[in-house]
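Secondary and tertiary structure notes
As a plain string of letters, each chain reads:
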Amino acid sequence: MAESITESATTPPDEGMIAIPAQTEQTQGNNISAETAVVIWTPRFIVLFALVLVTALSVESILTQVILNGQIAPGAVLIIHALPILVCWIVLIIRTRSLWLRLGGSFGILWTLFASVSFVLSTISIDPKSALPLHLTAATASALLGSYICLSIDRTLLHYWDNWFFRLALIVSGCVVALVYFILPLDIRSTRSLESVAVAVILFLCLFVWWLRPSCWRYVPGPTFLFGIPPFILLILAIPNVTNSANFYFFSQVALLCLLLGVMRLLQGEKTSSHIH
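Residues numbered from 1 in each chain as written. Predicted model: local features only at pLDDT ≥ 70, side-chain atom pairs only at ≥ 80, totals over all residues. Heavy atoms only, no water.

Look at R155: it is not a glycine, yet its phi comes out positive at around 65°. Checked against the element boundaries, R155 lands in the loop between α6 (132-153) and α7 (160-183). You can call R155 partly exposed: its relative accessible area is 46%. A positive phi angle, near 60°, is found at N241, a position not held by glycine. (Helix = DSSP H or I, 4+ residues; strand = E, 2+ residues; numbered from the N terminus. Buried < 20%, exposed > 50% of the residue type's maximum accessible area, 1.4 Å probe, protein only.)

Looking at the element boundaries, Q268 is found in helix α11 (residues 245-276). Residue Q268 is classed as buried on the basis of its relative accessible area, which comes to 11%. Residues in contact with Q268, not counting those within four places in the same chain, are I40, T42 and F45. (Contact = heavy atoms within 4.5 Å.)

What follows concerns the packing of aromatic side chains. Counted by the stated rule, this structure contains 15 aromatic pairs. Judged by centre distance (5.5 Å) and plane angle (50°), the ring pair of Y148 and F227 falls under tilted. Of this pair, Y148 sits in helix α6 while F227 sits in helix α10 (residues 221-237), and the two are 79 residues apart along the sequence. Look at Y148 and you get buried, because its relative accessible area is 0%. On the basis of relative accessibility, which here comes to 0%, the residue F227 falls in the buried class. Plain terms: the ring middles of F204 and F208 are 5.8 Å apart, the flat faces sit at 40° to each other, and that makes the pair tilted. Here F204 and its partner F208 are both found in helix α8 (residues 191-211), 4 residues apart, which amounts to about one turn of the helix. Residue classification places F204 among the partly exposed residues on the basis of a relative accessible area of 40%. Among the aromatic residues, those joined into a ring-pair cluster are W41, F45 and F49. Here the basic side chain of R167 rests over the ring of W164, its NZ or CZ set 5.4 Å away from the ring centre. R189 extends its terminal NZ or CZ atom over the ring of Y181, reaching a point 5.7 Å from the ring centre. (Phe/Tyr/Trp six-rings, centres within 6.5 Å; stacked < 30°, edge-to-face > 60°. Lys NZ or Arg CZ within 6 Å of the ring centre and 35° of its normal.)

Following the sequence through the fold, S147 ends up in helix α6. The class for S147 is buried, based on a relative accessible area of 1%.

Turning to helix α3 (residues 43-68), a few remarks are in order. When the terminal C-alpha atoms of α3 are compared, their 38 Å separation across 26 residues agrees well with the 38 Å that a helix rising 1.5 Å per residue should span. Positive phi appears at G70, one or two residues downstream of α3, with a value of about 75°. (Expected span 1.5 Å × (residues − 1).)

All right, on to the packing of α8 against α10 then. Relative orientation of the contacting elements α8 and α10 amounts to 160°, with a least axis distance of 8 Å. Classed by the angle they form, the pair α8 and α10 counts as roughly antiparallel. Here the hand of the crossing between α8 and α10 comes out left-handed. Touching A200, L203, F204, C206, L207, W210 and W211 of α8 are P223, T224, F225, F227, G228, I229, P231, F232, L234 and L235, all from α10. Taken together, the residues that form the contact of α8 with α10 break down as 15 nonpolar, 2 polar and no charged. (Axes fitted to C-alpha atoms, helices over the stretch in contact; angles between N-to-C directions. Parallel < 35°, antiparallel > 145°, perpendicular 65-115°, else oblique. Left-handed = near helix turned anticlockwise from the far one by under 90°. Nonpolar A, V, L, I, M, F, W, Y, C, P; charged D, E, K, R; others polar.)

Our next topic: the nonpolar core. Counting residues in hydrophobic clusters, the biggest one holds 43 residues, and the most contacted among them are W89, W111, Y148, W210 and F227. By residue number, the principal contributor to this core is α11, which donates 9 residues. Setting aside chain neighbours within four positions, we find Y148 in contact with C206, V209, W210, F227, P230, P231 and L259. Core analysis: the second largest hydrophobic core is formed by 6 residues, I229, I233, L237 and V254 among them. (Core = buried A, V, L, I, M, F, W, Y, C linked by side-chain atoms within 4.5 Å.)

This paragraph deals with the pattern of salt bridges. Across all of its chains, the model carries 3 salt bridges by this definition. Salt-bridge contacts for R155 lead to E270; the nearest nitrogen and oxygen are separated by 3.0 Å. You can see R155 sitting in the loop between α6 and α7 and its partner E270 sitting in helix α11, a full 115 residues away along the chain. On the basis of relative accessible area, E270 is assigned to the buried category, the value being 11%. A salt bridge links R213 to D162; the nearest nitrogen and oxygen atoms lie 2.8 Å apart. Here R213, found in the loop between α8 and α9 (214-219), pairs with D162, found in helix α7; they are 51 residues apart in sequence, far enough to count as distant. Looking at R213, the relative accessible area reads 0%, which means it is buried. Residue classification places D162 among the buried residues on the basis of a relative accessible area of 1%. Each of D154, R155 and E270 takes part in salt bridges that share partners, so that together they form one network. (Salt bridge = Lys/Arg side-chain N within 4 Å of Asp/Glu carboxyl O.)

Next comes the structure, spelled out in C-alpha cells:
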C-alpha cells in the first residue's frame, strides 16, 4: 500500500494527462472496428439478392424476345423495371437516418420520374425535331449524378483524393464539354449537340464518382460496383453501331436491374446498422 501511494505521488503529472487521450483513442478505434464489423451480407439477404438477380435476368431475356416480336413496347418494359426502384427509393428515405442517403434518395426519385416520362415518350410518336426527349435525358442524367454524389459521400471518409476529385470534377467536365463542342464541325454544332455532349460527360461523372474513388471501393464495395454499372452500360450503348437491337434492349434492362440491386444493398446496410444502434 505504501509503495502504491509513493509510486502514484511520484508519477509526473504529464503522464496522467497523456493517459486519458490514449484511452479515448483506443475507445474510438474500438467503435470504428465495431462499425466496420457489421455483417451486411447475411444468409437471408444473400438468398434474396441471388433470387432477384437470377429471376430478373431470366425474365429480362424473355422480355427482350417479346420486344423483338413487337408484342410490347420497350418503354413499357422499362417502366415496369423503374417502379420497384421508385419503391426502394421511398423506403430508403423513410428508414434511413442519414441526411446524405435521404438527399440521394430524393434525387433518385427525381431520376425515376424523369426516366419514366422518357420511357413513356418512347412509346408514342412525337416530332423527331422536338428537343423534349433530349431535355429529359439531360435532366435524368443530372438527377442520377446528384443521387450518386450524395450516396457515395455517405459512409465514406473524404480523403485527400476525394476532396481533389470533387474540386476538379466540375472544372474538368466544363472544359471537356467546351472543348468537344468547339471541335465539332460547324454544320453540326448547335445547342442540341452541346446538350448531347453534356449528357455524355454527366454519365462519365456518374461512373467516376464511384469507380475512381478508392474510399468507395474500400468502405462500400458492393454499392460502388453495382451503381457504377448503369452509367457504364449507357455509355457503351450510346456508341453507334456497337450492338444490335436485342443486346440494346437486354442491357438497358440490366442497367436498371443493377440500380435496383444497389438500392437494395443500401437498404440492407441501413437495416443492419439500425439493429446495432
